[in-house]
There are 2 protein chains.
Amino acid sequence: MKFRRSERLIDMTNYLLEHPRQLVSLSYFAEKYGSAKSSISEDLTIIKETFEQRGIGILQTLPGAAGGVKYQVKVNEQDAKPFIEELCELIMKPDRLLPGGYLYMTDILGDTALVQKVGKLFASAFADTNIDVVMTVATKGIPLAYAVANYLNVPVVMVRRDSKVTEGSTVSINYVSGSTKRIQTMLLSKRSLEEGSRVLIVDDFMKAGGTVNGMISLLEEFNAYVAGIAVLVEAEEAEERLVDDYLSLVKLSGVDVKEKRISVEMGNYFDQQ
Amino acid sequence: MKFRRSERLIDMTNYLLEHPRQLVSLSYFAEKYGSAKSSISEDLTIIKETFEQRGIGILQTLPGAAGGVKYQVKVNEQDAKPFIEELCELIMKPDRLLPGGYLYMTDILGDTALVQKVGKLFASAFADTNIDVVMTVATKGIPLAYAVANYLNVPVVMVRRDSKVTEGSTVSINYVSGSTKRIQTMLLSKRSLEEGSRVLIVDDFMKAGGTVNGMISLLEEFNAYVAGIAVLVEAEEAEERLVDDYLSLVKLSGVDVKEKRISVEMGNYFDQQ
């Protein structure tokens, strides 16, 4: 069965989008479509240009016998900015305020399209970083972690606060919550993380950074490395923050329970680009 | 800026894949590319044929002024079968056996590409069902729920076993675990689910069905409806199952702890298609 160029372009686009950060050889496509490598190469040039012009991502071509093409998600600043602004608007809504000054974020984290976009932004920011695995702590960070990991083509490991029989043997650490100063426990299944892994830590919310710091301690137990830290919302804290180098989309600068006012601004996303 | 057909095909493919189950008008594309509606219509015919031939999905075209095009993921039996067989092989591995006859599934649920495929299969099976929201219970079902919900373009609501201040007011129910016969609690944030919602329940594992049954009781409290139930693995139980109508990919037919043997077979996925 022979394929016309138009059919190849559609199917290749789908294939590349479904296999981010994977090197696909020209021969693979040539065989799949029964086409000459030169035709495939021309197809890829068109896809590359369109992906870059339309802000879909980057197509990296590696020459030589072991070469091929690799798709990498990459969000332009002009697409990222309005999305982060929209996020800020969403988080500012006064009806999010819960007793004690907490914010209701469940609807935001339940919005699958929004979660995907956050994942895309994070993956885009860490496009040039070597990452083997994404780590998060149950429960709220999970959707974000999977969204990022999907675009980075790496697995997710989930840290828990309680031990479950289905995890097998675990490694646990105690850590001090940065804001409440209470001692807490977190644990990770022993066989879920390989030694030497480069880990991107993802979470929905960071206050003083105690939880993220706990995950960093846990990584040390596994002889694994922090490759990066990404949070959806950081809260501006008067007190010392336990974590320095992180990426955030939104910064919560103030919560006035009495006046029912939530003040937010953009996080540091664009500072680091 | 004018677009060539090849560029349009690539960008439209990306757009449709990113917006499943959303009606996109021809005018939207026509404006986006500065092209005549007739050209867009031709483009969509090519995309539709390719999507169907390559097992990417279905493109539904709705005629008239309010018309447009809608992409829906649809996995062919010839693509689904080898994947489910692969899943069975993976689950059968004897080193998954944990003390007490439990299975270690963390690696499977941490494999983002695999989770996406499971989501695709579930979404494909419920393509013709009206679904407003996907529901799961923390923690293991969450990645699967998001993967399905993404393809169905609906939000996710997460049932919890413990109350968290960040959820606001909640509705809780008690239920009896089908296998251990213990009374347990689950709760859902009051404002996370609208009355009358049609809900697809998703979970990673179903034994007697107590947890799924608990979620059904919770839905009753919200005056919401069960639109479907999908589980990754069902365990064959000698005793009565609490839930009848569900979809499963893999059936665990036996676990022999002494001989370190796990017996699995295909679930009922193809029975219902």
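Given the structure is predicted, the values throughout are model-derived calculations rather than measurements.

Novice: Hey, could you run me through the domain arrangement of chain A in this one?
Specialist: Interface size is commonly expressed as the accessible area that is lost once the parts come together. Residues and elements named next belong to chain A. For chain A, the domain assignment lists domain 1 (5-73) and domain 2 (77-266). Relative to domain 2, the C-alpha centre of domain 1 lies at a distance of 33 Å. With 6 residues of domain 1 in contact, the opposing surface of domain 2 contributes 13 residues. Carbon and sulfur atoms supply 47% of the area buried between domain 1 and domain 2, which totals about 720 Å² over both sides. Three residues, Pro20, Arg21 and Val73, lead the burial of domain 1 against domain 2; their summed loss comes to 74% of the area buried on that side. Taken together, the connections running from domain 1 to domain 2 amount to 0 salt bridges. Where domain 1 touches domain 2, the interface holds 4 residue pairs in polar contact (both at pLDDT 80 or more).

Novice: It is not clear to me how the interface of chain A and chain B should be interpreted in this structure. Could you clarify?
Specialist: The interface of chain A with chain B comprises 58 residues on the first partner and 58 residues on the second. A combined buried area of about 4,800 Å² lies between chain A and chain B, and 57% of that area is made up of carbon and sulfur atoms. Linking chain A with chain B are 6 salt bridges. Its salt-bridge partner being Glu18(B), residue Lys120(A) comes within 2.3 Å of it at the nearest N-O pair. The interface formed by chain A and chain B includes 20 residue pairs in polar contact (both at pLDDT 80 or more). Sorting the residues of the side of chain A that touches chain B by element identifies α1 (5-18), α2 (26-33), α3 (37-53), α5 (106-110), α6 (112-125), α7 (142-152) and β5 (156-159) of chain A as the ones contributing at least two each. Here the side of chain A that touches chain B gets 9 residues from one element, more than from any other, and that element is α1(A). Taken together, the residues of the side of chain A that touches chain B sort by class into 29 nonpolar, 15 polar and 14 charged.

Novice: I would appreciate a short explanation of the relation of the copies chain A and chain B in the present structure.
Specialist: Each of the two chain copies can be brought onto the other by rotation about an axis and movement along it. The two copies are related by a screw motion: chain A maps onto chain B through a turn of 180 degrees and a shift of 0.0 Å along the axis, at an RMSD of 0.0 Å. On this basis, the relationship between the two copies can be described by a two-fold rotation axis. Mapped onto chain B, 100% of the interface residues of chain A again fall at the interface, so both copies present the same surface.

Novice: Could you clarify how one ought to interpret the pattern of salt bridges in this entry?
Specialist: Any two side chains of opposite charge can pair, on the condition that their charged atoms come close. Tallied over the full model, the rule gives 30 salt bridges over all chains. A salt bridge links Lys140(A) to Glu167(B); the shortest N-O distance between them is 3.9 Å. Of this pair, Lys140(A) sits in the loop between β4 (133-137) and α7 while Glu167(B) sits in the loop between β4 (156-159) and β5 (170-176), placing the two residues on different chains. Since its relative accessible area comes to 15%, Lys140(A) is described here as buried. Between Glu52(B) and Lys48(B) there is a salt bridge; the shortest N-O distance is 3.7 Å. Of this pair, Glu52(B) and Lys48(B) both sit in helix α3 (residues 37-53), 4 residues apart, which is roughly one turn of that helix. You can call Lys48(B) partly exposed: its relative accessible area is 27%. Within this structure, Arg5(A), Arg8(A), Glu42(A) and Asp43(A) form a network of salt bridges that share partners.

Novice: Even after reading the chapter, I still don't get the sheet that holds strand β11 (residues 261-266) of chain A, so can you show me in this structure?
Specialist: Working definition: the strands of a sheet are paired by backbone hydrogen bonds and lie parallel or antiparallel to each other. Residues and elements named next belong to chain A. The mixed open sheet is built from 6 strands, whose spatial order is β5-β4-β8-β9-β10-β11. A single partner strand is all that each edge strand has here, and the edge strands are β5 and β11. Looking at each pair of strands side by side, their axes are set apart by 25 degrees on average, direction ignored. Inspection of the sheet shows β4 paired to strand β8 (residues 198-206) by 3 bridges, in the parallel sense. Looking at the pairing, Val134 lines up with Leu200 of β8. Contacts between helix α4 (residues 77-92) and the sheet are confined to β9 (225-235), β10 (247-256) and β11, with β11 contributing the most and set at about 165 degrees to the helix.

The rules behind each value
Residues numbered from 1 in each chain as written. Chains lettered and ligands numbered in written order. Predicted model: local features only at pLDDT ≥ 70, side-chain atom pairs only at ≥ 80, totals over all residues. Heavy atoms only, no water. Domains from an automatic or database assignment. Contact = heavy atoms within 4.5 Å. Buried area = accessible area lost by both parts, 1.4 Å probe. Salt bridge = Lys/Arg side-chain N within 4 Å of Asp/Glu carboxyl O. Polar contact = N/O pair within 3.5 Å; in protein donor to acceptor, adjacent residues only side chain to side chain. Helix = DSSP H or I, 4+ residues; strand = E, 2+ residues; numbered from the N terminus. Nonpolar A, V, L, I, M, F, W, Y, C, P; charged D, E, K, R; others polar. Least-squares fit on C-alpha atoms with pLDDT ≥ 70 in both. Buried < 20%, exposed > 50% of the residue type's maximum accessible area, 1.4 Å probe, protein only. Pairing = 2+ DSSP bridges. Axes fitted to C-alpha atoms, helices over the stretch in contact; angles between N-to-C directions.

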